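Observations on the three-dimensional arrangement
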Amino acid sequence: MLIKQLSVFIENRKGRLERVTETLCKHNINILSFSLADTSEYGLLRMIVSDPEFGKKVLKEEGFSAKLTDVIAVKIAQKPGTLHDVLKLLFEAELSVEYMYTLSTAGKNTSIIMKLSDLETALATLDKHGYQVCTASEAYENNDFVDK
Amino acid sequence: MIWNETKECMSRDQIHNLQSARLKKMVNRVYHNVEFYRKKMQELGMEPGDINGLEDLQKLSFTTKNDLRENYPFGLFAVPQSEIVRVHASSGTTGKATVVGYTRRDIEIWQECVTRVLAMAGVGAQDKIQVAYGYGLFTGGLGLHYGAENLGATVIPMSTGSTQKLITMMQDFGVTAIACTPSYLLHIAEMLEEAGQINNINLKVAICGAEPWTENMRKEIETKLHLKAYDIYGLSEIMGPGVAADCECHAGLHVYEDHFIPEIINPDTLEPCKEGEVGELVFTTITKEGLPLIRYRTRDLTSINYEKCECGRTLARISRFKGRSDDMLIIRGVNIFPSQVEAALLELGETSPHYLMIVDRINNLDVLEVQVEVEERFFSDEIKQLEGLTKKIAHALQTALGLSVKVKLVEPRTIERSQGKAKRVIDRRKLI
């Protein structure tokens with residue numbers, strides 16, 4: 001099961017990141033997780049949001065370069081060695097990780113969002129070894145038990 | 001010293017007669033040897049016999065850079081190719097370069113002109129000169145090189161490249177003269193200052209050109225490096241460096257009128273300007289064999305003064321340049337047209353046609369940054385892809401312009417769109 005990640009190009013200029021969050025807030029789009037990759041001149045904000053298609057639309061209307069990318073969110077137990085085990089399996093399947101970060105909607109376990117060189121092979125490999133991945137609704141909705 | 005007193009100190013009448021005689025011969029030659037000129041004259045119902053002297057010059061049509069492009073590469077050459085001994089090339093307004101060709105005699109005249117320039121700046125056979133203009137298709141390096149050799153000076157053909165190596169040799173060899181762009185010389189001065197070596201050099205003269213500079217820059221160069229700096233002008237279409245240069249009076253650049261007839265015209269009406277009035281500089285070559293040009297529009301803005309100079313020379317003087325009548329930029333001595341950037345980006349097909357060129361001078365070196373909008377269709381969620389795109393654009397621009405370019409990706413719609421002509425260039429260098 002692949003999930004949609006919303007990516008935005010942000011120049012290193014005052015107020016640009018805030019403009020992204022403002023736009024999403026104005027349209028009641030929830031950001032479940034994000035990772036910000038930075039270079040000296042620009043940043044890439046990658047997000048899992050409650051409504052990726054709508055998120056892309058509103059950001060584009062604001063003039064941003066935004067796109068949707070397929071990623072997978074692997075569920076792993078919150079204990080030593082689990083991330084290592086997943087990475088080892090993927091490495092043995094000759095896959096490379098383009099980037100990864102954690103998903104905040106996994107309840108007491110953890111989900112790792114990954115962009116890999118070959119997503120289909122990755123899904124098959126994980127499935128073969130009994131790892132589950134998040135569905136779209138699991139990823140885009142807040143499943144946490146923490147109330148605040 | 002005055003290298004060729006006979007030619008540099010003629011009376012204005014003698015100059016007039018010499019130019020008239022040479023113009024007449026040249027027009028006759030191009031009419032019979034270059035189809036382009038023959039057609040242009042025929043369109044005006046003219047024959048070579050209609051040009052009897054300088055007063056008839058204005059009857060002839062102008063020639064432009066576009067004419068050179070349309071006749072690329074050798075269409076305007078006036079001699080069989082076997083007589084051409086060298087070609088040089090400079091930037092064209094689009095992908096194709098402007099190509100120029102020289103016969104052996106053209107090369108001899110060129111070196112004579114550069115020798116006059118060097119002698120005028122006080123360089124002699126006893127001097128050791130570093131030529132730090134680029135060698136190659138650019139006329140700067142080889143132009144100065146031949147002139148300095150002809151003078152009998154010891155030539156060190158540095159070309160462009162490692163400033164550290166240049167400084168080491170300058171000190172080790174006891175170099176007394178240097179030819180380079182003024183901004184590069186200031187950069188050298190800065191490096192010498194940083195190394196605490198500014199007083200451990202033996203430079204006496206600098207011949208600077210290939211880019212516009214100011215009187216203030218000249219004073220800064222002279223004060224910092226304790227030398228005399230001279231201005232040299234030229235363009236490859238007419239010959240290369242050495243078309244004009246200034247003397248110790250620094251009261252304008254003497255044009256070698258025995259080889260080139262200068263005119264100043266209003267770039268809008270194309271009518272001649274009065275003496276002293278600023279307009280576009282136009283040249284007619286009267287001794288060139290390979291690529292003779294009639295009334296070539298240089299696009300450089302200046303004024304002219306025909307009074308005899310205090311140095312003793314009678315050659316007309318053109319003032320420091322006031323700018324251009326087109327959008328050409330000179331960056332580190334390299335001629336750049338914004339249209340070249342646009343053509344290179346469009347050819348790449350991976351970026352939007354919206355770009356902005358920002359020219360700045362950092363530590364006395366010109367830098368060109370090209371901002372390109374990241375459109376959705378080539379935007380990636382992976383940094384390595386974006387970096388790859390940046391490199392690809394930088395490489396394409398470097399290939400097209402012959403100059404290293406810093407590429408910056410910017411958000412869509414951040415480059416100003418304007419009604420009509422878009423603003424494509426921001427020049428932050430303070431030159432005037």
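Residues numbered from 1 in each chain as written. Chains lettered and ligands numbered in written order. Predicted model: local features only at pLDDT ≥ 70, side-chain atom pairs only at ≥ 80, totals over all residues. Heavy atoms only, no water.

**A word on the nonpolar core**
Residues and elements named next belong to chain B.
- The biggest cluster of nonpolar side chains holds 76 residues, and the ones touching the most others in it are Leu118, Ile207, Tyr233, Phe283 and Ile318.
- Of all the elements, helix α5 (residues 104-120) adds the most residues to this core, at 9 residues.
- Among the nonpolar cores identified, the runner-up in size contains 31 residues, and Leu329, Val341, Val370 and Ala394 belong to it. (Core = buried A, V, L, I, M, F, W, Y, C linked by side-chain atoms within 4.5 Å. Buried < 20%, exposed > 50% of the residue type's maximum accessible area, 1.4 Å probe, protein only. Helix = DSSP H or I, 4+ residues; strand = E, 2+ residues; numbered from the N terminus.)

**Remarks on the sheet that holds strand β9 (residues 253-255) of chain B**
Residues and elements named next belong to chain B.
- Taken together, 9 strands build an open sheet; the order of strands is β4-β3-β5-β6-β7-β8-β9-β14-β13 and the sheet is mixed. Each end of this open sheet is capped by a strand with a single partner; those strands are β4 (154-156) and β13 (304-305).
- Pairing between β13 and strand β14 (residues 317-318): 2 bridges, direction antiparallel. The residue bridging Asn305 from the neighbouring strand is Arg317, located in β14.
- The strands touched by α5 are β3 (128-131), β6 (205-209), β7 (228-235), β8 (240-246) and β9; relative to β8, the strand with the most contacts, the crossing angle is about 30 degrees. (Pairing = 2+ DSSP bridges. Contact = heavy atoms within 4.5 Å. Axes fitted to C-alpha atoms, helices over the stretch in contact; angles between N-to-C directions.)

**Regarding the domain arrangement of chain B**
All names here are of chain B.
- Once the domains are mapped, chain B shows domain 1 (69-326) and domain 2 (334-427).
- Relative placement of domain 1 and domain 2: their C-alpha centres are 30 Å apart.
- The interface of domain 1 with domain 2 comprises 12 residues on the first partner and 10 residues on the second.
- Where domain 1 abuts domain 2, roughly 1,000 Å² becomes buried across the two surfaces, and 47% of that area is made up of carbon and sulfur atoms.
- Our count for the domain 1 to domain 2 interface comes out at 1 salt bridge.
- We note a salt bridge from Arg361 to Glu211, for which the minimum N-O separation is 3.9 Å.
- Taken together, the links from domain 1 to domain 2 amount to 2 residue pairs in polar contact (both at pLDDT 80 or more). (Domains from an automatic or database assignment. Buried area = accessible area lost by both parts, 1.4 Å probe. Salt bridge = Lys/Arg side-chain N within 4 Å of Asp/Glu carboxyl O. Polar contact = N/O pair within 3.5 Å; in protein donor to acceptor, adjacent residues only side chain to side chain.)

**Considering the pairing of strand β4 (residues 66-76) of chain A**
Residue and element names in this part refer to chain A.
- Relative to β4, strand β1 (residues 3-11) is paired through 6 bridges, and the arrangement is antiparallel. Directly across from Val8, in β4, lies its bridge partner Ala66.
- Looking at chain direction, β4 and strand β6 (residues 110-116) are connected through 5 bridges and run antiparallel. The residue of β6 that forms the bridge with Val74 is Ile112.

**Observations concerning the side chain of Thr63(B)**
- Position of Thr63(B) relative to the elements: it lies in the loop between α3 (35-43) and α4 (65-70).
- Once residues within four sequence positions are removed from consideration, Thr63(B) is found in contact with Phe36(B), Tyr37(B), Lys40(B), Leu293(B), Ile294(B), Arg295(B), Tyr296(B) and Arg297(B).

**Things to note about the pairing of strand β12 (residues 296-302) of chain B**
All names here are of chain B.
- Within β12, 6 of the 7 residues are buried, leaving the element largely enclosed by the surrounding structure.
- In this structure, strand β11 (residues 279-285) lies alongside β12, joined through 4 bridges in antiparallel fashion. Looking at the pairing, Phe283 lines up with Tyr296 of β12.
- Bridge count for β12 against strand β15 (residues 323-324) is 2 bridges, and the pairing is antiparallel. Considered in β15, the bridge of Asp300 is made with Arg324.

**Things to note about the interface of chain B and chain A**
- Contact residues are listed per partner, giving 21 residues for chain B and 27 residues for chain A.
- Of the roughly 1,900 Å² buried between chain B and chain A on both sides combined, carbon and sulfur atoms contribute 49%.
- The largest share of the area that chain B buries against chain A comes from Phe379(B), Asp381(B) and Glu411(B), three residues that together contribute 38% of it.
- There are 6 salt bridges connecting chain B and chain A.
- Among the salt bridges present, the one from Glu411(B) reaches Arg13(A), with a minimum N-O distance of 3.9 Å.
- Taken together, chain B and chain A are joined by 11 residue pairs in polar contact (both at pLDDT 80 or more).
- For the side of chain B that touches chain A, the secondary-structure elements that each account for two or more residues are α11 (383-401) and β20 (406-410) of chain B.
- For the side of chain B that touches chain A, a count of residues per class yields 8 nonpolar, 3 polar and 10 charged. (Nonpolar A, V, L, I, M, F, W, Y, C, P; charged D, E, K, R; others polar.)

**Quick word on a nonpolar patch on the surface**
All names here are of chain A.
- Together, Leu17, Phe34 and Leu36 make up an exposed nonpolar region whose accessible area comes to about 290 Å².
- Position of Phe34 relative to the elements: it lies in strand β2 (residues 31-38).
- Taking the relative accessible area as the measure of exposure, Phe34 reaches 54% and is therefore exposed. (Patch = residues over 30% accessible without salt bridge, like charges linked within 9 Å, V, L, I, M, F, W, Y side chains within 5 Å. Areas by Shrake-Rupley, 256 points an atom, 1.4 Å probe, with all protein chains shown as cover.)

**Focus: the packing of aromatic side chains**
- Taken as a whole and judged by the stated rule, the model has 8 aromatic pairs over all chains.
- Relative to Phe379(B), the ring of Phe9(A) has its centre 6.1 Å away and its plane inclined at 80 degrees; by these criteria the two rings are edge-to-face. In this pair, Phe9(A) is assigned in strand β1 and Phe379(B) in the loop between β19 (365-373) and α11, connecting two distinct chains.
- Consider the rings of Phe36(B) and Tyr37(B), whose centres lie 5.1 Å apart with planes at 70 degrees: the pair is edge-to-face. With respect to burial, Phe36(B) and Tyr37(B) carry one shared label: buried. (Phe/Tyr/Trp six-rings, centres within 6.5 Å; stacked < 30°, edge-to-face > 60°.)

**Looking at the sheet that holds strand β5 (residues 97-103) of chain A**
All names here are of chain A.
- Across the sheet, 6 strands lie side by side as β2-β3-β1-β4-β6-β5; this open sheet has antiparallel pairing. Two strands in the sheet have a free side with no partner beyond their single neighbour: β2 and β5. Averaged over all pairs of adjacent strands, the angle between strand axes in this sheet comes to 35 degrees, irrespective of strand direction.
- Relative to β6, β5 runs antiparallel, the two sharing 6 bridges. Residue pairing for β6: Val97 is matched across the bridge by Leu116.
- Contacts from helix α4 (residues 119-128) reach β4 and β6, with the element oriented near 15 degrees to β4.

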